[in-house]
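Spelled out from the first residue to the last, the chains are:
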Number of protein chains: 2
Amino acid sequence: MEYGSKLLENAVNEISLLPGIGKRSALRLALHLLNRPQTQTEDLSRALLSLRENSKNCKHCHTLSDTEICQICEDPRRDIGILCVVEDIRDVLAIEGTSEFRGRYHVLGGKISPMDGIGPSDLTIDSLISRVKTEGITELIFALSSTMEGDTTNFYIYKQLAGLSLKFSTIARGIAVGDELQYADEITLGRSISNRIPLDYDKG
Amino acid sequence: MEYGSKLLENAVNEISLLPGIGKRSALRLALHLLNRPQTQTEDLSRALLSLRENSKNCKHCHTLSDTEICQICEDPRRDIGILCVVEDIRDVLAIEGTSEFRGRYHVLGGKISPMDGIGPSDLTIDSLISRVKTEGITELIFALSSTMEGDTTNFYIYKQLAGLSLKFSTIARGIAVGDELQYADEITLGRSISNRIPLDYDKG
C-alpha cells in the first residue's frame, strides 16, 4: 500500500482518473477534502451523482439539459429559422456568452474522426438532417473547430443536405480583436485577408 | 442560470471549491464524467465519502490511517527511539519513499503560523512532548519546511523539551543531487557550504 491507507489510495486512484489530474494533484485534493468539513465532501459527491443520474440531452438540440427540452429550444423569442451546429455544450455556453446569436443550436456531440473511431452515426447528424427538413430551417451556421475533423464533419453534413434551399455559413476566422498582426499565425492572417470585410464609414 | 442546467451548475460550483481548479476546469471535469460510464462517477463519489467518513488519525503519530494505530507505528522493525517531526502525511510518504529512515514519525498537522491563526494548541505538539517523555525517545529529527513558520515551530518544540537528554537534528539542506551550483539559490548554496561534510576516501 503506497499511501499507508487503503481509503486514501482508493480516493487518489479515482480522482486521478479525471483528465489532467495526476497522482500528486489527486493526493493534494484528497487531503484538502479531509481538512474541510464533511459536508463539503457530501455536497460534492451528491452534485456529481445527481448530474450523472438526472441530466438529460435536449430532445431537439441534444445539449445537456435538466428537462426534456432545453431552455433555449423552448424560448419563443429565439429565431427558429437559424441553427448553429456545434460540438458540445461548452460551445453553446461560449456563444450564448456573446449575446450575438438569437437562433437555436444543434449539438453534434463530437466531430467525425475515423482515427478515434467516431463516424457519422455516433453523432446527432441524422437528427440534424431531420430537423432541417421538418422545422423550416433557412440557415445553418457551422461553428465546429477548424481542424481536419471539423472540416470533414462540415462537408459531410453539407453533402447530406445538398439540394435543399438552405443557406450555409461558417463563423468568421481572423485575427482576434485586440491581437497584433505580427503575432498571428500565417493561416489565420491569410484567412482574415482573403475574407476581408468591406469598410464604408458613410454607412456607419 | 449560467450553464442552462442547474445540475451542471451545482457540479461545477462544488468541483471548483477544490484548490487550483477554476470554473472552466470544473466544467471540463463535469462533462468528462458525463461522457464516462455512470459507475465511474459512483466509484469516485464512494471513494471520497468513504475516505472522509472512515479515515482516522493514528493515535500515536497522528498520520492518516485506516486503523486506530498506523502500519508504521505498529511495525516492530522500526527504531522506536527516533521520531521524525513532519507537517503532514505527504511528508511521511515522501520520506518513506526514500527507504532511508527506519524510525517513526510524528505528524504535527501544520506549522505554528500566527498570521493564519494557527497556534501550538492547534497542532499535535502536546502529544509529541508526551511521547518524548514516555516512549523513551532519544532523537528528534525536524523535517519541517525551512520557512519562518517551520523554524518557529522547531524552536517552540525545542524550548518545550529543553532539559531532557535528547538529541535534536534537522534534515540536511543543500544542493540537490544532480543540480548545478550556478542555478542554486544563495541561501541553499550558503548552507551547503557552512554545513559541509568531511570527505575521506580512505574510510569509504
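Residues numbered from 1 in each chain as written. Chains lettered and ligands numbered in written order. Predicted model: local features only at pLDDT ≥ 70, side-chain atom pairs only at ≥ 80, totals over all residues. Heavy atoms only, no water.

Visitor: Outline the relation of the copies chain B and chain A, supporting the account with residue identities and numerical values.
Guide: Taken as rigid bodies, chain B and chain A are interconverted by a rotation of 180° and an axial shift of 0.0 Å, the fit giving an RMSD of 0.0 Å. Here the copies are linked by what is in effect a two-fold axis. When C-alpha positions in chain B are compared against the rotation axis, the closest is assigned to B:Ser45, at 2.3 Å. A symmetric contact is evident, with 100% of the interface residues of chain B recurring at the interface of chain A. (Least-squares fit on C-alpha atoms with pLDDT ≥ 70 in both. Contact = heavy atoms within 4.5 Å.)

Visitor: Pulling in residues and values, what's your account of the domain arrangement of chain A?
Guide: Along its sequence, chain A is organised into domain 1 (6-54) and domain 2 (57-170). Inter-centroid distance (C-alpha atoms) of domain 1 of chain A to domain 2 of chain A is 34 Å. (Domains from an automatic or database assignment.)

Visitor: Account for the environment of A:Thr152, with residues named and values stated.
Guide: Residues and elements named next belong to chain A. Assignment of secondary structure puts Thr 152 in helix H7 (residues 148-160). We classify Thr 152 as partly exposed; its relative accessible area is 35%. Between the C-alpha atoms of Thr 152 and Lys 111, which are 41 residues apart in sequence, the distance is 8.2 Å. A distance of 2.7 Å separates the side chain of Thr 152 from the backbone oxygen of Met 148, its partner in a polar contact. (Helix = DSSP H or I, 4+ residues; strand = E, 2+ residues; numbered from the N terminus. Buried < 20%, exposed > 50% of the residue type's maximum accessible area, 1.4 Å probe, protein only. Polar contact = N/O pair within 3.5 Å; in protein donor to acceptor, adjacent residues only side chain to side chain.)

Visitor: Explain the sheet that holds strand S6 (residues 167-170) of chain A residue by residue, including any values.
Guide: Residues and elements named next belong to chain A. Strand order across the open sheet formed by 4 strands is S4-S3-S5-S6, with parallel pairing between neighbours. Of all the strands in the sheet, the pair left with one neighbour each is strand S4 (104-107) and S6. Neighbour-to-neighbour, the strand axes of the sheet open up by a mean angle of 25°, direction not taken into account. As judged from the 4 bridges shared by strand S5 (residues 139-142) and S6, these two strands associate in the parallel manner. Bridging across to S6, Glu 139 finds its partner in Lys 167. Where helix H5 (residues 89-98) meets the sheet, its contacts fall on strand S3 (82-86) and S4, and the angle it forms with S4 comes to roughly 160°. Its contacts with the sheet place H7 against S3, S5 and S6, and it is angled at close to 165° to S5. (Pairing = 2+ DSSP bridges. Axes fitted to C-alpha atoms, helices over the stretch in contact; angles between N-to-C directions.)

Visitor: Go over the pairing of strand S5 (residues 139-142) of chain B with me, naming the residues and quoting the values.
Guide: All names here are of chain B. The side-chain alternation of S5 yields two buried faces, one formed by Glu 139 and Ile 141 and the other by Leu 140 and Phe 142. Examined bridge by bridge, strand S3 (residues 82-86) and S5 share 4 bridges and lie parallel to one another. When the bridges of S5 are listed, Leu 83 appears paired with Leu 140. On the question of chirality, the crossover connecting S5 to the parallel strand S6 (residues 167-170) by way of helix H7 (residues 148-160) is right-handed. (Right-handed = clockwise from strand over helix to strand, strands pointing away.)

Visitor: Account for the nonpolar core, with residues named and values stated.
Guide: Ranked by size, the top nonpolar core spans 44 residues in total, and within it A:Leu8 and B:Leu8 carry the most contacts. Ignoring anything within four residues of it in the chain, the contact list for B:Leu8 reads A:Leu51, A:Leu64, A:Ile89, B:Tyr3, B:Leu27, B:Ala30 and B:Leu31. (Core = buried A, V, L, I, M, F, W, Y, C linked by side-chain atoms within 4.5 Å.)

Visitor: Lay out the packing of aromatic side chains in plain terms, naming residues and giving numbers.
Guide: Under the criterion given, the structure shown has 6 aromatic pairs over all chains. The interplanar angle of 10° and the centroid separation of 6.0 Å between the aromatic rings of A:Phe142 and A:Phe168 together place this pair among those described as stacked. Of this pair, A:Phe142 sits in strand S5 while A:Phe168 sits in strand S6, and the two are 26 residues apart along the sequence. Of the residues examined, A:Phe142 reaches a relative accessible area of 6% and is grouped as buried. A ring pair is formed by B:Phe101 and B:Tyr105, whose centres lie 5.2 Å apart and whose planes are at 65°; its orientation type is edge-to-face. By relative accessible area, which is 12% here, B:Phe101 ends up buried. By the ring-pair criterion, three or more aromatic residues cluster together here, those being A:Phe142, A:Tyr158 and A:Phe168. (Phe/Tyr/Trp six-rings, centres within 6.5 Å; stacked < 30°, edge-to-face > 60°.)

Visitor: Quick rundown of the interface of chain B and chain A? Include the residues and the values.
Guide: Listed per partner, the contact involves 48 residues of chain B and 48 residues of chain A. Approximately 4700 Å² of surface area, both sides summed, lies buried where chain B meets chain A, with 71% of it carried by carbon and sulfur atoms. Our enumeration of links across chain B and chain A arrives at 10 residue pairs in polar contact (both at pLDDT 80 or more). Of all the secondary structure elements, the ones that give two or more residues to the side of chain B that touches chain A are helix H1 (6-15), helix H2 (23-35), helix H3 (38-54) and helix H5 (89-98) of chain B. At 15 residues, the largest contribution of residues to the side of chain B that touches chain A is made by H3(B). (Buried area = accessible area lost by both parts, 1.4 Å probe.)

Visitor: How would you sum up the side chain of A:Ser55? Please name residues and give values.
Guide: Looking at the element boundaries, A:Ser55 is found in the loop between helix H3 (38-54) and strand S1 (56-57). Using a relative accessible area of 15% as the deciding quantity, one classes A:Ser55 as buried. Of the polar contacts made by the side chain of A:Ser55, one reaches the backbone oxygen of A:Leu51; its length is 2.8 Å. In this view, A:Ser55 contacts A:Ser50, A:Leu64, A:Ser65, B:Leu7 and B:Leu34; residues no more than four positions away in its chain are not counted.

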